[in-house]
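# Chain and residue survey
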Amino acid sequence: MFRNWTKRPARFFQTKFRQVGAAGVLVLLLGGAVWALRASSLPPADFTFSNLGEIKTVDPALVTGSSEGRVVDALFEGLTRWHPENLSPQPGVASHWEISPDGLTYKFFLRPEARWSDGTPVTADDFVWSFRRFLHPETAAEYAAELWYVVGAKKYTSAQIELGDPVEVELLENPPGALPFAQGITLRGRLVGIQTGDKVQAITPLPMPPHDLNDSALGLGNTEEGPPIYWVEIDGELRRFQKGAKTPGTEDYRWLLYDFAHVGIRAVDRHQLEIRLRHPVPYFLSLMGFYPFSPVPRHCVERFGYPEWTKPENLVTNGPYVLEFRRIRDRIRLRKNPYYWDRHNVRLEVVDVLAVESYTTNLNLYFTGETDWIPIVPAEVIPELRRRCPEEFHSYPLLGTYYYLLNTARPPLDDVRVRRALAMAIDRKEIVEKVTRAGQRPLRSMVPTVLTVSVPEYVPQEGPEFNVAEARRLLAEAGYSGGRNFPPIDILYNTSEAHQAIAELIQAQWQRNLGIRVGLRNQEWAAYLSSRRQGDFYVARAGWIGDYVDPISFLDMFSGESPLNNTRWKHPEFDQLLEQARHESDPKRRLALLARAERILMDELPAIPLYEYVSQNLVRPYVRGFYSNPKDYHPLKDIWVDHDLKKKILPRRGFWAWIR
Amino acid sequence: MIVGFLVRRFVWMVVTLWVVFTVSFFLMRAVPGGPFDRERQLDPQVEANLRARYQLDRPIWQQYLAELGRLVRLDLGYSYRLGDFRVSEIILQGLPISVAVGIVGLATAVVLGLVAGCISAVRPGSLLDVSLMTLATIGIALPSFVIAAVMIILFVFLIPLFPAAGWGSWQHLILPGFCVGAPYAGSIARLVRSAMLEVLSQEYIRTAYAKGVDTTGVVLRHAMKLTLLPVVSYLGPAAAGILTGSVVVEKIFCVPGLGVHFVEAATQRDYTLAMGLILVYTLLLFVLNTLVDLSYRLLDPRVELR
């Protein structure tokens, strides 16, 4: 104590210093908090909606997923676009089109007034370039396989080239004066030989005299194994290409692909685009309105490259809206595109896209007036919503099937009687009434029944009905009378309360109706997918949303060679029917073939359909131009807000309004 | 001495970052599932193209060296899942927001904790003490989403003081900040109470009372400083916990901070983003702990820095 007293002046100074320091830190921290909020208050948007999460990208070629779709569809426009009510293909960038009688050649006539958001015209060349980019292996577009209907497209994407194929060789150097991310100098020729180590596969006779092609010049004495050397005939000359150009006499290259000039996509003139298909595709016009097939601006992509070209300051689009800014996991702001050809019919100036993921948070935002549309609501509030605001809650059947996969490679599920017994012991009504509760319809066919609204000629083929007695009989016939000796199996599902509730209910139903015990196995998303792929499951939960309004979208994934077929189920007749349907140009006969295929699927039951998905939109009454449809597609182009009604409905909010 | 301490800490930090990097790198790739797994499984050829694009087709040791090389050049690469952004962009946008919420949370925790703790310590065993400590225990025990739900019902719907969620004004900070800080306020209150009780029983406090200082003076001027020691040592981990553990609150209030990124990057196998966030959090923990050690020295000169 005494010592402190003598030192007091110094201590006093130290204390003051520390206090000032502490105050300084406090000011800094608060300043930091304010800085984090800087410039973040915004003028309100005309229309705000929740998009359920941050989108992956705005690059149309790379997107998958409905959240991405809502934004990309507003930014870009393809050859056609879907009608907001009935989803029929409407003119987009193409004002009209011609289809050849055999259904194989499509001619699209582009409207001359179509513009990019920087004012440059959208031309047929833009589409050719965009489709080429879409198919290019370097782009690695996830939807690439959807464009493989086009002649030569699959060869181009998969870089599978055979002897005699026309090829294009992209060299490392860019053409002089090209933009930094442009395609390198590209040579066209014919593949005449492939040399791997000492082995040569070549066309005989070689088209040009191999005057200097003695063994040593070809490096054939050299046993060193390197990347294969491709012999390409270019303008009557033989040139050899190898990755890295390790072997003397070879040239390095970036890509060696099937020649795009032989892929069935070509610009006839500035405003005419021709696409040739391998077989008739009844939904091809619809497909061209699907957002991944939107054109991208070559001049912008080649200048900045991916992903820099997607930055708001660089991005050039051709749809109704342009990107104003993006704040990660917060919001995307869209503004009306002044160059859009149909700008007079775009009625919203500013649209905010919120990245709110939690269903409950979305509901809170909706009820505090901060968002005008939420695309999904928590299941437990649905009865309440139906009671309180029935005119705001829209539920409509979706083109999607919730189903259970059965691993037919694992006993006892390899026995069709067991599969049928399991299917017949499920009471779907109980599932939709007790668990999902949003108005889902029980489904006994793989193809959802709502498809018949658009394709009335198709008759979905239903599997067996709920019938406990018959299920027991079948199980007994398979040797598990009363569930005795039934091997332990389990239901695999990805972590989610809804999936768990359904799995528990089915577990109880099987126990009750068949007397079998079934385990539950819960895995997080990526692990669950991995288990499914590797066939490490007995029964697995699955869901499928159709990409296009056609039964094949729901049947194709059960074909023997489909990578999507996790059930290990293979049925030659089923595969054959699908193949026949693919090449059938008469729509009626085609649908009949598909129905026969579905009949087989529903008799064999490698998968048990449970219910049809429904949309669960909560939309403010002043939002107009919003329609329910089976793809839950609500283009921002057609949406508008009745401002007078909005003022009447939306009361002033906030503390002061409340006090009054 | 402080310089030497900081240099030693820095060296350890680099070593720690490297170890964390290596362990996370191999752990992430050992978990089943990859960044390109979708319910709609990709065509094998398309997936091969994707893997080549991200160089995942190379042997793992090559990937490791390449990524380590990038890290040394302070380049965290592009996110797999949010492909339009560099990992550094995502962190630069999210970190200040997480920090802002964290600061409000920490301020709430310290202020509430100190006040409640001191009041309880001055009147131990009183009704006030019991109720405050019960409240503190409830604060610790209740998960933050329950606190958040109660706060939303109270201050968003019943008394519309604050926005329900989102980001953009100071009002958006308050509820998330409070929910993040509440459990820590409880812990701090209990810490302060016990520390203060101990300090108050010491000789020099009796002397202070004997000199005629009133209770407020004794508590604030004489006892507070020693009481703060355990609080400060608790603040380091608490700050780290608030910054990393705000996932649930960030999700409920849709605060675009780093917490949600962290969880999603892990579940979606976004290798680059997950790695970036792991390293940032490691760095934060290290810096915060170093700051705590330094502040010890300031509060109690007897402490030696090693």
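No experiment lies behind these values; they were computed from the predicted model shown.

### Digging into the overall build of chain A
The secondary structure content of chain A amounts to 21 helices and 25 strands. Expressed as a percentage of its 660 residues, the buried residues of chain A come to 44%. In chain A, the proportion of contacts linking residues at least 24 apart, taken out of those at least 6 apart, comes to 67%.

### A few points about the overall build of chain B
If you tally the helices and strands in chain B, you get twelve helices and zero strands. Going residue by residue from the N terminus, the α and β elements of chain B occur as α-α-α-α-α-α-α-α-α-α-α-α. Based on the C-alpha atoms only, the size of chain B along its principal axes is roughly 85 × 55 × 30 Å. Looking at chain B residue by residue over its 306 residues, the buried ones come to 40%. Long-range contacts, defined as pairs at least 24 residues apart, comprise 75% of the intrachain contacts of chain B with a sequence gap of at least 6.

### With respect to the interface of chain B and chain A
Between chain B and chain A, the residue contacts involve 52 residues of the former and 52 residues of the latter. Put simply, the parts of the chain that give the side of chain B that touches chain A at least two residues each are helix 2 (44–53), helix 4 (87–122), helix 6 (144–158), helix 10 (247–252) and helix 11 (258–267) of chain B. At nine residues, the largest contribution of residues to the side of chain B that touches chain A is made by helix 4 of chain B.

### Considerations on the nonpolar core
If you look at the biggest cluster of nonpolar residues, it comprises 153 residues, and the most contacted ones within it are Leu147 and Val150 of chain A together with Cys179, Ile188 and Val192 of chain B. Of all the elements, helix 7 (residues 171–200) of chain B adds the most residues to this core, at 16 residues. Beyond its immediate stretch of four places on either side in the chain, Ile188 of chain B contacts Ala109, Val110, Gly113, Leu114, Gly117, Val231 and Tyr234 of chain B. Grouped together as the second largest cluster of nonpolar side chains are 76 residues, Ile431, Leu451, Ile491 and Ala597 of chain A included.

### Let's talk about helix 5 (residues 127–141) of chain B
Residues and elements named next belong to chain B. For helix 5, built from 15 residues, the straight-helix expectation of 21 Å at 1.5 Å per residue is met to within 8% by its first-to-last C-alpha distance of 21 Å. All of the buried residues in helix 5 are Leu132, Ala136 and Gly139. The buried residues of helix 5 all sit within an arc of 60° when viewed along its axis, so they share a single face. Away from the buried face of helix 5 by more than 90 degrees, exposed residues Leu127, Ser131, Thr134 and Ala141 are located. Check the buried side of helix 5 and you find it contacts helix 4 and helix 7.

### A few points about the environment of Gln272 of chain A
Residues and elements named next belong to chain A. Looking at the element boundaries, Gln272 is found in strand 13 (residues 272–276). Distance in space between the C-alpha atoms of Gln272 and Leu110 is 6.0 Å, their sequence separation being 162 residues. With residues near it in sequence (within four places) discarded, Gln272 still touches Lys107, Phe109, Ala124 and Ala267.

### So, the packing of helix 4 of chain B against helix 7 of chain B
All names here are of chain B. Helix 7 packs onto helix 4 with a crossing angle of 35° between their chain directions and a minimal axis gap of 5 Å. With respect to the hand of their crossing, helix 4 and helix 7 are arranged in right-handed fashion. Among the residues making up the contact of helix 4 with helix 7, the classes are represented as 25 nonpolar, eight polar and one charged.

### Describing the sheet that holds strand 5 (residues 105–110) of chain A
Residues and elements named next belong to chain A. A sheet is described by the order of its strands in space; here four strands give the open sequence 4-5-13-12, paired in antiparallel fashion. Looking at which strands have only one partner, the edges of the open sheet turn out to be strand 4 (94–99) and strand 12 (265–269). Mean inter-strand twist for the sheet, computed between neighbouring axes without regard to direction, equals 25°. Strands in contact with helix 4 (residues 124–135) are strand 5, strand 12 and strand 13; relative to strand 12, the strand with the most contacts, it is inclined by about 170°.

### Considerations on the confidence of the model for chain B
For chain B, the average pLDDT comes to 86, and 97% of its residues sit at 70 or higher. Confidence, read as mean pLDDT per element, is least for helix 2 of chain B in chain B (77) and greatest for helix 5 of chain B (92).

### With respect to the pairing of strand 1 (residues 47–50) of chain A
Residue and element names in this part refer to chain A. Side chains Phe47 and Phe49 of strand 1 all project onto a buried face; the interleaved residues Thr48 and Ser50 project onto the opposite face, where all are buried too. One ladder, built from four bridges, connects strand 1 with strand 16 (residues 350–354); its direction is parallel. When the sheet's bridge partners are listed, Phe47 is paired in strand 16 with Val351.

### Some remarks on the pairing of strand 4 of chain A
Along any regular strand, the residues point their side chains to alternate faces of the sheet. Residue and element names in this part refer to chain A. Sheet topology note: the strand 4/strand 5 ladder contains five bridges and is antiparallel. When the bridges of strand 5 are listed, Ala94 appears paired with Leu110. From the end of strand 4 to the start of strand 5, which pair antiparallel, there are five residues, and Gly103 there has a positive phi angle of about 75°.

### Section: unusual backbone geometry
Residue and element names in this part refer to chain A. Following Tyr306, the chain continues into Pro307 via a peptide bond in cis, with omega recorded as 0°. Within the secondary structure layout, Pro307 lies in the loop between helix 8 (298–304) and strand 14 (321–327). Residue Pro412 is reached from Pro411 by a cis peptide bond, and omega for that bond is 5°. A positive phi angle is found at Ala140, which is not glycine, with a value near 55°. Inspection of the secondary structure assignment puts Ala140 in the loop between helix 4 and helix 5 (153–158).

### A look at the environment of Leu135 of chain A
Residues and elements named next belong to chain A. Mapped onto the elements, Leu135 comes out in helix 4. Judged by the 26 C-beta atoms lying within 10 Å of it, Leu135 falls in the buried class. Counting along the chain gives ten residues from Leu135 to Ala145, while the straight-line C-alpha distance between them is 8.5 Å. When near neighbours in sequence (up to four residues on either side) are disregarded, Leu135 contacts Ala144, Leu147, Ala153, Tyr156 and Thr157.

### Thoughts on the confidence of the model for chain A
Overall, the prediction assigns chain A a mean pLDDT of 88, with 90% of residues at 70 or greater. A low-confidence stretch, residues 1–7 of chain A stays under pLDDT 50, and its non-local contacts, those more than four residues away or across chains, total one contact.

### Remarks on helix 11 (residues 416–424) of chain A
Counting buried residues along helix 11 of chain A, seven of its nine residues qualify, which places the element largely inside the surrounding structure. By the burial criterion, the buried members of helix 11 of chain A are Val418, Arg419, Arg420, Ala421, Leu422, Ala423 and Met424 of chain A.

Quick notes on the rules
- Residues numbered from 1 in each chain as written.
- Chains lettered and ligands numbered in written order.
- Predicted model: local features only at pLDDT ≥ 70, side-chain atom pairs only at ≥ 80, totals over all residues.
- Helix = DSSP H or I, 4+ residues; strand = E, 2+ residues; numbered from the N terminus.
- Buried ≥ 20, exposed ≤ 12 C-beta atoms within 10 Å, placed from the backbone.
- Contact = placed C-beta atoms within 7 Å.
- Core = buried A, V, L, I, M, F, W, Y, C linked by C-beta atoms within 7 Å.
- Expected span 1.5 Å × (residues − 1).
- Arc of directions from axis to C-beta.
- Axes fitted to C-alpha atoms, helices over the stretch in contact; angles between N-to-C directions.
- Left-handed = near helix turned anticlockwise from the far one by under 90°.
- Nonpolar A, V, L, I, M, F, W, Y, C, P; charged D, E, K, R; others polar.
- Pairing = 2+ DSSP bridges.
- pLDDT = per-residue confidence, 0-100.

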